[in-house]
Each structure stands twice: as C-alpha cells, then as structure tokens.
Amino acid sequence: MDFLSWWRLLSLWCLTGLLFFHGFCYSQQVPNYTFVHEARGAPPVSYYDYIIIGGGTAGCPLAATLSRDFDVLLIERGGSPYGDQNITNLDSFGNSLADTSPTSASQRFISEDGVINARARVLGGGSCLNAGFYTRASPKYVADAGWDGTLVNASYEWVERAVAFEPRLRQWQSAVRDGLVEAGVVPNNGFTYDHVYGTKVGGSIFDRNGHRHTAADLLRYADPKRLTVLLHATLHQILFTTNKGKPRPKANGVVFQDSAGVRHRAYLKSGSENEIILSAGALGSPQILMLNGIGPAQHLRSLGIHVLVHQPMVGQGISDNPMNAIYVPSPLPVENSLVQIVGITRFGSFIEAISGNNFIAATTGTTRRDFGMFSPQTGQLSIVPPKQRTPEAIAQAVEMMRRLDDAAFQGGFFVEKIIGPLSTGHLALRNRDPTDNPSVTFNYFAEPEDLRRCVEGIRTIERVIESRAFSRFRFPFISIGELKNITANFPVNLRPRHGNDSTSLEQYCKDTVMTIWHYHGGCQVGRVVDKEYRVIGVDALRVVDGSTFNYSPGTNPQATVMMLGRYVCVAFLELSLFVFVCLFFGFDCLGWVV
C-alpha cells in the first residue's frame, strides 16, 4: 500500500469515528455566522489568500471549502437571506420576485426579447429565489464537461447533506406524477437525485416544514476563523499588476463600495497560488469582466473603458432555457407545492408543475393575491401598447386580480422547459455602472429544434391534463384550447399576442415564452476560461459559476452550480493533503467546529 492510499484509509477511519459523535445535523434556526459582517465595518485595506466576488450558488461553497485551508474574503452585493420570510417560507414564493424595491433580493431585468427575468441580489444567490428543485446533472453532462465523476459525486453529496430533502408528495403532485406516466413519460423512477429518463420525484431545498435551505447554509462548513463575508459590498474594480517580462496582467486585489458609498481595498497576500474568483452569475461575471477591461475591445472603447485584454467571447453564447406553461383551474382544493415531479422526455423537454395558494400570498397587513411568476407584479401587461405599460396599468391589473373569486386561484401550472437550448444570444454593457443591468438578448427559438421541442412538450402537457389520473383536478367542460387561451392572456412577457395562440402550438410557444431563471453562458469554458476555469489572457483570476456552462445541466442547474463551487476547490486549487483526502471521501474536515 503506497503512502497516499494508507493516508486516505487512516483519514477515513478517523473521520468516521469523529463524525459518529459530532454528526452533520444542521439547525433550521438562523445560523450564528460570526464571520458575516456589513461591508461598512470593513477596514480600509485588508489582505487574503483568496477573494471571491459574489456570494451566490457557487460562491458560498467555494468560500466554505477554501476557508478550511486559506484566509478567504467573500464579498456579496446583497444582504442576508436569514430572517426574510419571503425567502425562507415556501408559501411566500413569488413575493421576492414581485418585489422591485432597491433592497429586494431579486433584481429585475427585461431581456431584449421582451421576457421579464430576475437576477439574485442576496447571500445564497438564486437558491434564495427559485422553486427549490434539486437534481443532479446527467453522467453524460459530467463526462462532456471533463469532470472527474468520483469527485463530482462526492461534491454533490457534500451539498446534499446540508440543503437537499425528499419532498412529501400530496394529492395534486401525485396526480401529476401518475398523469405523466399515463402520458408515456416512462418509467416511473420514484425518488432520486439522478438525471434519468422518465418520471421521477426529485429533491428539494425546501424541507418538509416548507423552510428553504440555500447555498448560504453551506457556509456552516466554513472555518469561521479564516473566512470573512461582507454584505452590501459592491465591486467597483478589480486591480491588476503587470510585471516586466510578463506581459499578462495579474489580478492582485479589488476595490469595493459599502452601502454608505465608502470604498475599501482588499489585496491578495503574496503567494503564487493566491487568486481572485468571480462567482457573480451568468449576468454578473461577464459584466464585471467587461467593466474591468476584459472583453470585446471595440465595445469597451465605445464606453470609454480601458482595454486590458481583448477577449471577444466575453458575453457571447449566453442562453436562457425557455419556459412555457398551461394553467389548469381545479374544482378541488389543491396543496401548496412547488416543483417536486419532473418528466424527463427523450425528445428534449422537461415537464414540471406547481400548485396551490402560493398564488394568494400574504403580505404585511394585507392580502396580496396573484399568480406568482405569472402576475402583473412579476411580469407586465403585454396586451397594451408599450407606452401604456405604466405602473398605473399594472396597478389596475392587480386590482382586477384582487377582485377575483378565490376559485380562480385554485389550481396549478404545468410548465415545460427545453433541454439546452441550442439558441444562443449575447450580453453587452449599457453603461459603466456596476449596479445596472447589462443588455441581454437570448434569441428564444432562433433554432428550429428548440421550437420543435417546445411543441412536443406542450403536447405532452395536454396528454397529462387529459389523463385519467389527473381528471379530478380539472373541469371537464373547459377544453385544452380554452386553457391555452386563459394562459395566453396572462401578462407574462412584453411580446405581442396573436389570434391563433390556441390553435398553433408554434405560435403559442413564441408568444407565451417565459424564463425559468436558468440562464447561463457568457464566460464559457474554452472560449473565455480554460478547463480549470482560469480567465484566458490574465493570471490569478478565475470564473466559477453558471456563466461557464455551454448548456444548462439537468432539469435545474442549482445542484450542479453548488457542486461546481466545491469541485473546483477539490480538483484545481492548492488544498493541503489532509483537506484533499477529506474532500475525496466526501467528508467535511473538522466540520463539527461550526
């Protein structure tokens, strides 16, 4: 037995015994993160081994893992998710997305395609806003990405111990499952995190009490003495040096601004392996690169940005998985549920469903009633001319919705998302303001194959709605065509409507397209970063988040993005042998400390 094999075996024995006594039980209470602070309290100048920009779905696992062996700074432009009932409670899903205030955890943006979307602005990132579905990428996706399967699985397991749960299926979701099987989405695979063809019950980051667990919960794995997390810290600039004889710029620090407008500097300590890691998401990471002079030279110069590295592929290849839906009112009460079931088809569409009274969400002192992500509060009125899409028009639609009978909100949505997609777009800066949204074009359905998959997905949803298994949750006198007309009238986007939405599935897909918040790309591997996620053309700078993906993994990318944050530390960064062995076996070194 060689030394490394012996060391792994000894470490496994020791850790197994220690974990038996200390366990991996995570409290559902607000964690006592002594390392989380407001940026206003940060020193004017500080020094770290690693600086991570963005405390989202990838940034949190990155910070937690690296802090086991290094001094780490994590800066996040938003606040804490803990104590925010709109984030933590399943029943309040949609409230954060509908909140357009400057302090909202969700920052709305509208793509040039006319589709309303959102980007996270909170510790934990998109895992604080989404519908909670947890599922792994397929083995083929892992192989195509060039990842080590053993380390990938260990990294998934590390994530799952803290944030993933088996959901409790009730009547409506059970009918969806049985209807999918009846409609031919087979086999019935039961509960699994794995990406397998057929119908399955997936995981959820909502526990059985309806409490959300986010990527921020992964910070429980951190060494509190070696991690500093700063909230409301907006990146202003990445600092670079250029040494004689080395033409490549090297990142060596950041300038960030706190909520009072005061700027602070943080530098990398001396050391050849120390780095800055961008984890600001599929919009934030390419935007930050361009704001710091890494991107298409002509575009940067047009905004007066000094070109550090001409990198024409920054912001290119960005995609969003189009989502289309059919609303089904129910004659029977239905449970409040988010995505628990998925039908993974062989033609390239994923079928999911949500239901219940989260469409009649409560707010302080009043009752706000809406269709969640399908509402005027979340979308805008697409049935009026652009100049009339005013706050007053939205308020009028909200008031009309408030007057509806409760029965109008009793039901659920079937949604389909296409795999991939093949259609891609681009991202460009509007200005030099780091807090503003960039201009994004996704080019939904530009590729005919994407449209074909959408049509097949809608046809599958129709079969599920008409299945015997689902029959008691639909009114028999409302036809499928009428259901599509009802859905097409929801103010879900800013695109024009056509008279044949209920008869042409192609037109229905184009007119009612929405986001499922799975946008990705813009800093892709082989185009902007290398296979170890290092930015091409500069030193000491990586990008680790969904902007590096060519395709969205699985039916929901959050599991894979969290896994990636862990995996990159295992596979590419200079961890100690002891920490590496722990990670190899899927354990958290000294995790009981926190």
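Residues numbered from 1 in each chain as written. Predicted model: local features only at pLDDT ≥ 70, side-chain atom pairs only at ≥ 80, totals over all residues. Heavy atoms only, no water.

Draft legend 1. Spotlight on the overall build of the protein. Along the protein, the regular secondary structure elements total 15 helices and 28 strands. Taking all 594 residues of the protein together, 59% fall into the buried category. Carbon and sulfur atoms make up 53% of the accessible area of the protein, which totals about 23100 Å². (Helix = DSSP H or I, 4+ residues; strand = E, 2+ residues; numbered from the N terminus. Buried < 20%, exposed > 50% of the residue type's maximum accessible area, 1.4 Å probe, protein only. Areas by Shrake-Rupley, 256 points an atom, 1.4 Å probe, with all protein chains shown as cover.)

Draft legend 2. Spatial organisation of helix H11 (residues 448-465). End to end, H11 covers 26 Å across 18 residues, agreeing with the expected 26 Å (1.5 Å per residue, within 8%). The set of residues buried in H11 consists of Asp450, Leu451, Arg453, Cys454, Val455, Gly457, Ile458, Thr460, Ile461, Glu462, Val464 and Ile465. As for H11, its buried residues are in contact with helix H7 (171-182), strand S19 (322-329), strand S21 (349-355), strand S24 (411-418), helix H12 (480-488) and helix H13 (505-511). (Expected span 1.5 Å × (residues − 1). Contact = heavy atoms within 4.5 Å.)

Draft legend 3. Geometry of the sheet that holds strand S12 (residues 234-241). A sheet is described by the order of its strands in space; here 4 strands give the open sequence S2-S14-S13-S12, paired in mixed fashion. In this open sheet, the two edge strands, each paired with only one partner strand, are strand S2 (45-48) and S12. Between one strand axis and the next, the sheet turns through 25° on average, direction left out of account. The sheet contact formed by strand S13 (residues 250-257) and strand S14 (residues 263-268) spans 5 bridges and is antiparallel. Residue Gly253 lies in a different strand from S14, and its bridge partner there is Tyr267. (Pairing = 2+ DSSP bridges. Axes fitted to C-alpha atoms, helices over the stretch in contact; angles between N-to-C directions.)

Draft legend 4. Spotlight on the nonpolar core. Judged by nonpolar contacts, the single largest core of 134 residues is most densely connected at Leu66, Trp147, Leu219, Phe256, Leu289 and Phe414. At 10 residues, helix H14 (residues 558-572) tops the list of elements feeding residues into this core. Excluding residues within four positions of it along the chain, Leu219 makes contact with Tyr33, Phe35, Cys60, Ala63, Ala64, Leu123, Leu227 and Val229. One finds Phe133, Ile344, Phe413 and Met514 within the second-largest nonpolar core, a separate group that totals 22 residues. (Core = buried A, V, L, I, M, F, W, Y, C linked by side-chain atoms within 4.5 Å.)

Draft legend 5. Here's a closer look at the packing of aromatic side chains. Enumeration according to the criterion identifies 21 aromatic pairs in this entry. Ring geometry for Trp147 and Tyr567: centres 6.1 Å apart, planes at 50°, overall tilted. Here Trp147, found in the loop between helix H5 (139-145) and helix H6 (149-163), pairs with Tyr567, found in helix H14; they are 420 residues apart in sequence, far enough to count as distant. According to the relative accessible area criterion, Tyr567 is buried, its value standing at 3%. A centroid spacing of 5.9 Å and a plane angle of 40° characterise the contact between Phe470 and Phe473, whose relative ring orientation is tilted. (Phe/Tyr/Trp six-rings, centres within 6.5 Å; stacked < 30°, edge-to-face > 60°.)

Draft legend 6. Layout of the confidence of the model for the protein. The predicted model of the protein has a mean per-residue pLDDT of 87, with 83% of residues at 70 or higher. This model gives residues 375-389 a pLDDT under 50, and the stretch forms 48 contacts once residues within four places in sequence are excluded. Below pLDDT 50 for its whole length, residues 590-594 participates in 9 contacts with residues either more than four positions away or in separate chains. (pLDDT = per-residue confidence, 0-100.)

Draft legend 7. Broad picture of the sheet that holds strand S26 (residues 439-441). Spatially, S18-S25-S26 is the arrangement adopted by the 3 strands of the open sheet, whose pairing is antiparallel. Each of the sheet's edge strands pairs with one partner strand only, and the pair in question is strand S18 (316-318) and S26. The mean inter-strand angle of the sheet, taken between neighbouring strand axes irrespective of direction, is 35°. Two elements, S18 and strand S25 (residues 425-428), share 2 bridges in a ladder whose sense is antiparallel. Looking at the pairing, Gln316 lines up with His426 of S25. Sheet strands in contact with helix H8 (residues 281-291) are S18, S25 and S26, and its direction is about 50° off that of S25.

Draft legend 8. The arrangement of the UniProt feature "binding site: FAD" (unreviewed entry) in the protein in detail. When the UniProt feature table is mapped to this numbering, "binding site: FAD" (unreviewed entry) covers Val122, Trp517, His518, Gly546, Pro557 and Gln558. Here the side chain of His518 touches Ile516 through a polar contact of 3.2 Å, landing on its backbone oxygen. Secondary-structure assignment places Pro557 in the loop between strand S28 (541-543) and H14. Sequence-distant contacts of Pro557, that is, excluding residues within four places in its chain, are made with His518 and Ser552. (UniProt positions renumbered as here; feature names shortened; annotations may be inferred. Polar contact = N/O pair within 3.5 Å; in protein donor to acceptor, adjacent residues only side chain to side chain.)

Draft legend 9. Examining the state of the cysteines more closely. Under the criterion given, the structure shown has 1 disulfide. Here Cys454 pairs with Cys509 through a disulfide, and the sulfurs are 2.1 Å apart. The sign of the -95° torsion about the S-S bond sets the Cys454-Cys509 disulfide as left-handed. Residue Cys454 is located in helix H11, and its partner Cys509 is located in helix H13; the two are separated by 55 residues in the primary sequence. Cys509 carries the same exposure label as Cys454, and that label is buried. Here Cys60 is not cross-linked by a disulfide; its sulfur's nearest cysteine counterpart is in Cys128, at 7.9 Å. Assessed through its relative accessible area of 0%, Cys60 is described here as buried. (Disulfide = S-S within 2.5 Å.)

Draft legend 10. Region of the structure containing the environment of Thr135. Within the secondary structure layout, Thr135 lies in the loop between strand S7 (133-134) and H5. By relative accessible area, Thr135 is classed as buried at 0%. Taking C-alpha positions, Thr135 is 8.0 Å from Thr560, a pair spaced 425 residues apart along the chain. A polar side-chain atom of Thr135 sits 3.3 Å from the main-chain carbonyl oxygen of Tyr193. Engagement of the side chain of Thr135 in a polar contact is seen with the side chain of Lys200, the distance being 2.7 Å.

Draft legend 11. The arrangement of the pairing of strand S4 (residues 72-75) in detail. Of the two faces of S4, the one lined by Val72 and Leu74 and the one lined by Leu73 and Ile75 are each fully buried. Across 4 bridges, the pairing between strand S3 (residues 50-53) and S4 is parallel. Paired with Ile51 across the strands is Leu73, a residue of S4.

Draft legend 12. Molecular detail of the packing of H6 against H14. Where H6 meets H14, the closest approach of the two axes is 8 Å, and the angle between their N-to-C directions is 120°. One element, H6, and the other, H14, form an angle in the oblique class. The two elements H6 and H14 meet at a crossing, and its hand is right-handed. Every residue of H14 that contacts H6 at Leu151, Val152, Ser155, Tyr156, Trp158, Val159 and Val163 is listed here: Ala559, Thr560, Met562, Met563, Arg566, Tyr567 and Val570. Of the residues belonging to the contact of H6 with H14, the class tally is 11 nonpolar, 2 polar and 1 charged. (Parallel < 35°, antiparallel > 145°, perpendicular 65-115°, else oblique. Left-handed = near helix turned anticlockwise from the far one by under 90°. Nonpolar A, V, L, I, M, F, W, Y, C, P; charged D, E, K, R; others polar.)

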